[in-house]
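Observations on chain architecture
Letter by letter, the chains look like this.
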Amino acid sequence: MEFIISTIFLLLLFLGMFVPYIVFLAVIAVIVFTITTKMIASKTLKVAIIVVVLLYGFVILGSFKTETPDNVYTEIKKIDDNQSLLGLSSEEVVNILGEPDSQSTNKENKKQYVYDAGNVLKESYWGHSYYHDYYNFYVYFDENDKVEDTFIKTLPRED
């Protein structure tokens with residue numbers, strides 16, 4: 001049973017890689033059907049259907065994006081996901097991550113470290129437009145100077 005579930009998951013993953021091509025083939029199939037069908041007698045209506053299908057196809061295909069994280073983001077994300085810093089002292093955090101880019105205290109007098117968490121390159125499917133999302137990694141300490149919480153936050157873009 002586990003083999004079947006794994007196989008189905010791999011097939012869906014493999015199929016997901018080809019979604020833009022499947023959408024493209026579906027658009028072509030609708031256009032060919034519209035041109036060849038006798039059910040639609042009006043040439044104007046056929047042309048209108050083809051134009052609408054093409055517009056939707058370009059919108060769908062143009063919206064696909066690839067995301068490529070850099071090594072820093074990948075490592076920090078791994079640390080944040082597995083919560084490996086929880087309970088460590090500030091000295092231990094500095095030994096693992098190095099000196100923070102900045103540190104401050106909040107209203108409750110608890111310490112906070114901020115680290116650069118790298119970036120993720122986001123590209124459109126066609127590769128003509130791209131941008132980077134930059135991230136900070138926040139480490140919060142409790143009153144005993146032990147890590148209480150961590151999280152990654154996207155920096156605002158300057159568009």
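Since the model is a prediction, treat every value here as computed from it, not as a measurement. (Residues numbered from 1 in each chain as written. Predicted model: local features only at pLDDT ≥ 70, side-chain atom pairs only at ≥ 80, totals over all residues. Heavy atoms only, no water.)

1. Here's the deal with helix α4 (residues 71–82)
- Counted at 1.5 Å a residue, the expected span for α4 with its 12 residues is 16 Å, and the 17 Å between its end C-alpha atoms agrees.
- Within the span of α4, buried status applies to Tyr73, Ile76, Ile79 and Asp80. Down the axis of α4, the buried set is contained in an arc of 130°. They therefore lie on one face.
- For α4, the secondary structure elements touched by its buried residues are β1 (65–69), α5 (90–97), β3 (111–124), β4 (130–141) and β5 (147–154). (Helix = DSSP H or I, 4+ residues; strand = E, 2+ residues; numbered from the N terminus. Expected span 1.5 Å × (residues − 1). Buried < 20%, exposed > 50% of the residue type's maximum accessible area, 1.4 Å probe, protein only. Arc of directions from axis to C-beta. Contact = heavy atoms within 4.5 Å.)

2. Let's talk about the packing of aromatic side chains
- Scanning all chains against the criterion turns up six aromatic pairs.
- Relative to Tyr135, the ring of Tyr73 lies with its centre 4.8 Å away and its plane at 45°, an arrangement referred to as tilted. Remark: Tyr135 occurs in strand β4 and Tyr73 occurs in helix α4; sequence separation between them is 62 residues. Like Tyr73, the residue Tyr135 is buried in the burial classification.
- Ring centres of Tyr138 and Phe151 lie 5.0 Å apart, and the angle between their planes is 20°; on these two criteria the pair is classed as stacked. Separated by 13 residues along the polypeptide, Tyr138 in strand β4 and Phe151 in strand β5 bring together distant segments of the chain.
- Given a relative accessible area of 29%, Phe151 falls into the partly exposed group.
- Through a chain of ring-to-ring contacts, three or more aromatic side chains come together here, namely Tyr113, Tyr115 and Phe141.
- The ring of Phe141 carries Lys111 above its face, with NZ or CZ at 5.4 Å from the centroid. (Phe/Tyr/Trp six-rings, centres within 6.5 Å; stacked < 30°, edge-to-face > 60°. Lys NZ or Arg CZ within 6 Å of the ring centre and 35° of its normal.)

3. Some remarks on the side chain of Asp142
- Within the element layout of this structure, Asp142 appears in the loop between β4 and β5.
- Buried charged residue Asp142 carries no salt bridge. Nearest counter-charge: Lys110, at 7.2 Å.
- The residues touching Asp142, leaving out its near neighbours within four places in the chain, are Lys110 and Glu148. (Lys, Arg positive; Asp, Glu negative; His and termini not counted. Salt bridge = Lys/Arg side-chain N within 4 Å of Asp/Glu carboxyl O.)

4. Observations regarding the side chain of Lys46
- Checked against the element boundaries, Lys46 lands in helix α3 (residues 43–62).
- For Lys46, the residues in contact, after removing those within four places along its chain, are Thr34, Ile35, Thr37 and Ile40.

5. Regarding the pairing of β4
- Note: β3 against β4, 10 bridges, orientation antiparallel. What sits directly across from Asp116, in β4, is Asn136.
- As judged from the seven bridges shared by β4 and β5, these two strands associate in the antiparallel manner. Residue pairing across strands places Phe141 opposite Val147, the latter belonging to β5.
- Connecting β4 to the antiparallel partner β5 that follows it, the hairpin turn spans five residues, and Asp145 within it adopts a positive phi of roughly 65°. (Pairing = 2+ DSSP bridges.)

The values reported here are purely geometric and, on their own, carry no functional implication.
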